[in-house]
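Reading the structure
Each chain is listed here by its residues.
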Number of protein chains: 2
Amino acid sequence: MAKKTFPLSEVYRLLEPGPVVMVSTAHKGKANIMTMSWQTMMEFAPPLVGCVISGRNHSFDALVATRECVLNIPSVEMAKQVVGVGNCSGSKVDKFRKFKLTAMPASKVAPPLIDECFANLECRVYDTRMVNKYNFFVLEVVKAWIDPAKKNPRTLHHQGKGYFAVDGDTIKLSSKMA
Amino acid sequence: MAKKTFPLSEVYRLLEPGPVVMVSTAHKGKANIMTMSWQTMMEFAPPLVGCVISGRNHSFDALVATRECVLNIPSVEMAKQVVGVGNCSGSKVDKFRKFKLTAMPASKVAPPLIDECFANLECRVYDTRMVNKYNFFVLEVVKAWIDPAKKNPRTLHHQGKGYFAVDGDTIKLSSKMA
C-alpha cells in the first residue's frame, strides 16, 4: 500500500480523538506490537505524545533499550487483530506472523510500520523523567504517514473489558479550537 | 438530575475512549469551564489522569492556585455548548450563565459539577513536576458520579478544526485487556 507523507503539524488530528493505537518496536532483531489506549497529545509542533506503557509489556523493554517505536492507527476493519495483539505477549509470539500483519520499513526509525494501519507515526523517545514513577514516556513524532486510499477511516475507542466505541457520524461546528 | 456514585476503579472506562471533556474550576469566588481533549489515563487505582492545560487558558491559573478541578463528560447533545465553551475565555465571560449550564456542588472539591454532563470526576492535583515544561498535570480522581438516566451516552472526539467524531456502534470482542 503506497503511503504518503502526512504533515507533522497535523498529527494531533489523528491522536486527539483518542483512538486505540498499535505500537510497534524492534529489539534484538525482533519486531513486536502492542495495543495501547493510554496516550495523549502534549505539543503540536514538534508533535509530542505522552503514553503509558506498562513494565509488564514486552514492548517496555524494547522502548527503553532502543528509544524508538511507531504508533500505528488501525481502523475498525482491524478490530480482531487489535484485540488479538492485545491478548498475547511478544515474549512468546511473533505477532506480525500470527496476525498476518505486514511489517514495512520506516524511514527514520528501526521499528517497522504496520502496513495495514491507515496512519503510522514514527517516534523517538523525547523525555523519560516520568517513566520510573508512571511508566509514562514522552515521544516525539519524527515522521508521519497516511494511506490516501482509506477515506474517512473509522477508529476504535476502548471502553474497557473488550467494548469498543466505533466512530459514527462526523459533525462540524464552528470552533476556534486548534 | 440525580447522579449516582460511580466506582473509582471503573473511571478508566469513561476516559480511556478519549472523549472531549469539560473542565470546571473555581477561583476567587468564580467558577469557570474549559474544553479539553489532551488527557490520558495514567493509573487504574487510585485513578490518575494526565492532562495538558495550557498557560494561555484562564483555567490554568485556577488549577495551579487551588489544585482542584472537575472533569465533566458531555454527550453529543451538548456539542454546541462544548464548542461555545472552547471558543471564549473565562476571563471575560461567566460560562455557566452564557451556556445555560447548571453548577452543582461537588462533594470533595470546591469546583462545581456541570449537571448536564452524564459523568463528573472530582479531581485533585497529584503531581506538578511536568507543568513547567509541558503544562502537564497529573490529577487524582477522588470522587466520580454518573447519571443513571443517560443510557449509552454518545461522546465527542475532537479531530481538530471543529470536526468531531461521534460514537457510533459499540462492538464487543473477547479482550483480556483491562
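Under an unreviewed UniProt entry, chain A has the name Flavin reductase domain protein FMN-binding protein and belongs to Sideroxydans lithotrophicus. The UniProt entry for chain A carries the following comment under Sequence similarities (unreviewed entry): "Belongs to the flavoredoxin family."

Concerning the pairing of strand S9 (residues 119-127) of chain A
All names here are of chain A. Burial analysis of S9 places seven of its nine residues in the buried class, the great majority of the element. As paired elements, strand S6 (residues 68-73) and S9 share six bridges and run antiparallel to each other. Residue pairing across strands places Val 70 opposite Glu 122, the latter belonging to S9. Bridge count for S9 against strand S10 (residues 136-146) is eight bridges, and the pairing is antiparallel. Residue pairing for S10: Arg 124 is matched across the bridge by Glu 140.

Here we look at helix H2 (residues 58-66) of chain B
All names here are of chain B. Inspection of H2 places Ser 59, Phe 60, Ala 62 and Leu 63 among the buried residues, and these make up the whole buried set. Viewed along the axis of H2, the buried residues span an arc of 165 degrees, placing them on a single side of the element. Taken together, the buried residues of H2 touch strand S2 (21-27), strand S3 (30-36), strand S6 (68-73), strand S9 (119-127), helix H5 (131-134) and strand S10 (136-146). Arg 67 occupies a position one or two residues after H2 and carries a positive phi of about 60 degrees.

As for the relation of the copies chain B and chain A
Superposing chain B onto chain A requires a rotation of 180 degrees together with a translation of 0.0 Å along the rotation axis, leaving an RMSD of 0.0 Å. The relationship between the two copies is best expressed as a two-fold rotation axis. The fraction of interface residues of chain B whose copies in chain A are also interface residues reaches 100%, indicating that both copies meet through the same surface.

So, unusual backbone geometry
Most of the time, phi is negative for any residue but glycine, and the peptide bond is trans. Geometrically, the link from A:Ala45 to A:Pro46 is a cis peptide bond, its omega value of -5 degrees lying close to zero. With respect to the secondary-structure elements, A:Pro46 resides in the loop between strand S4 (39-43) and strand S5 (48-52). Positive phi, normally seen in glycine, also occurs at A:Lys100, with a value near 55 degrees. Relative to the elements of secondary structure, A:Lys100 occurs in the loop between helix H4 (95-98) and strand S7 (103-104). Its identity as a non-glycine residue notwithstanding, B:Arg67 has a phi of 60 degrees, on the positive side. For B:Arg67, the position within the fold is in the loop between H2 and S6. Taking the relative accessible area as the measure of exposure, B:Arg67 reaches 38% and is therefore partly exposed.

Criteria and thresholds
Residues numbered from 1 in each chain as written. Chains lettered and ligands numbered in written order. Predicted model: local features only at pLDDT ≥ 70, side-chain atom pairs only at ≥ 80, totals over all residues. Heavy atoms only, no water. UniProt positions renumbered as here; feature names shortened; annotations may be inferred. Buried < 20%, exposed > 50% of the residue type's maximum accessible area, 1.4 Å probe, protein only. Helix = DSSP H or I, 4+ residues; strand = E, 2+ residues; numbered from the N terminus. Pairing = 2+ DSSP bridges. Arc of directions from axis to C-beta. Contact = heavy atoms within 4.5 Å. Least-squares fit on C-alpha atoms with pLDDT ≥ 70 in both.

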